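So the chains spell out like this:
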Amino acid sequence: MQLFNMKYKLFTIIFLLLVSNIADAQERTNFLKLDQEFTGSSEIHEDSFGFIWISDNSGLYHYVGYEFKFHSYREIFGNDFENDQRFIIEKDSLNSFWIATMKGELSRINTGTAIRSFKDTLKLHEKSSSITAIRANRDGVVFGTSIGDLLYCENNSDKIISLPSISSIGIEEIDGR
């Protein structure tokens, strides 16, 4: 009976040591609680480094593993930025992010967070309009506007050009009238 009690006590001590080590290991974590809240219309994108970019009404949040780095829309579009609340974000084949507003703002964020605004470039085009669609392919990025124009920016270029479209040709030229 004493041998049984001794084995029982030894078993209990070993069991408690194992359980306490397991419980202690469960408390250690490399993940921090994220206290940042986002709107329901937020978009989430991943860059070429695996970092997460999240849009919000006030700017872009760049999650770099343990913290969020914030980039306000004024930083992205310039000091004269008028808050729009509606943004389009697209990643191109070079892993740059293109961000447009419905009020005619356009910027590119390259890997490494270098920001280039194209607002002045868009104003040089004959008709000022807002960008309503962005599509990237392996060669560049195409932008659709609210008046039906198509714009294009080739990879590794800061020049935006107009592409022929039905709105720029005109219905009369298509019908031959």
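Anything mentioned here points back to the structure above.
Definitions and limits used
- Residues numbered from 1 in each chain as written.
- Predicted model: local features only at pLDDT ≥ 70, side-chain atom pairs only at ≥ 80, totals over all residues.
- Heavy atoms only, no water.
- Salt bridge = Lys/Arg side-chain N within 4 Å of Asp/Glu carboxyl O.
- Helix = DSSP H or I, 4+ residues; strand = E, 2+ residues; numbered from the N terminus.
- Buried < 20%, exposed > 50% of the residue type's maximum accessible area, 1.4 Å probe, protein only.
- Contact = heavy atoms within 4.5 Å.
- Polar contact = N/O pair within 3.5 Å; in protein donor to acceptor, adjacent residues only side chain to side chain.
- Pairing = 2+ DSSP bridges.
- Axes fitted to C-alpha atoms, helices over the stretch in contact; angles between N-to-C directions.

A.B. asks: I'm lost on the pattern of salt bridges in this one. Help?
C.D. replies: Counted by the stated rule, this structure contains 4 salt bridges. Taking the shortest distance from any N to any O, the salt bridge between Asp 158 and Arg 108 comes out at 2.4 Å. Of this pair, Asp 158 sits in the loop between strand E11 (150–154) and strand E12 (160–163) while Arg 108 sits in strand E7 (residues 106–109); the two residues are 50 residues apart in sequence, bridging distant segments of the chain. The class of Asp 158 is partly exposed, set by a relative accessible area of 40%. One connected set of salt bridges, linked through shared partners, spans Arg 108, Arg 116 and Asp 158.

A.B. asks: Help me understand the environment of Ser 55, please; the structure alone is not making it clear to me.
C.D. replies: Structurally, the position occupied by Ser 55 is in strand E2 (residues 52–56). We classify Ser 55 as buried; its relative accessible area is 7%. Put simply, Ser 55 and Ser 42 are 13 residues apart on the chain and 5.0 Å apart in space, counted from C-alpha to C-alpha. For Ser 55, the residues in contact, after removing those within four places along its chain, are Ser 41, Ser 42, Glu 43, Leu 60, Tyr 73 and Ile 89. Among the polar contacts listed, one links the side chain of Ser 55 to the backbone nitrogen of Glu 43, at a separation of 2.8 Å.

A.B. asks: Help me out: how do you make sense of the sheet that holds E12 in this one?
C.D. replies: Adjacent strands of a sheet pair through backbone hydrogen bonds, lying either parallel or antiparallel. Within the open sheet, the 4 strands sit side by side as E9-E10-E11-E12. Their pairing is antiparallel. Two strands bound the open sheet, and with one partner strand each, they are strand E9 (131–136) and E12. Between one strand and the next, the sheet's axes are offset by a mean angle of 25°, whatever the strand orientation.

A.B. asks: Would you take a moment to explain the sheet that holds E7 for this structure?
C.D. replies: With antiparallel pairing, 4 strands are arranged side by side in an open sheet as E5-E6-E7-E8. Where the open sheet ends on each side, the last strands, each with one partner, are strand E5 (87–91) and strand E8 (115–117). Mean inter-strand twist for the sheet, computed between neighbouring axes without regard to direction, equals 20°. Here E5 pairs with strand E6 (residues 97–101) via 5 bridges, running antiparallel. Bridged to Lys 91 within E6 is Phe 97.

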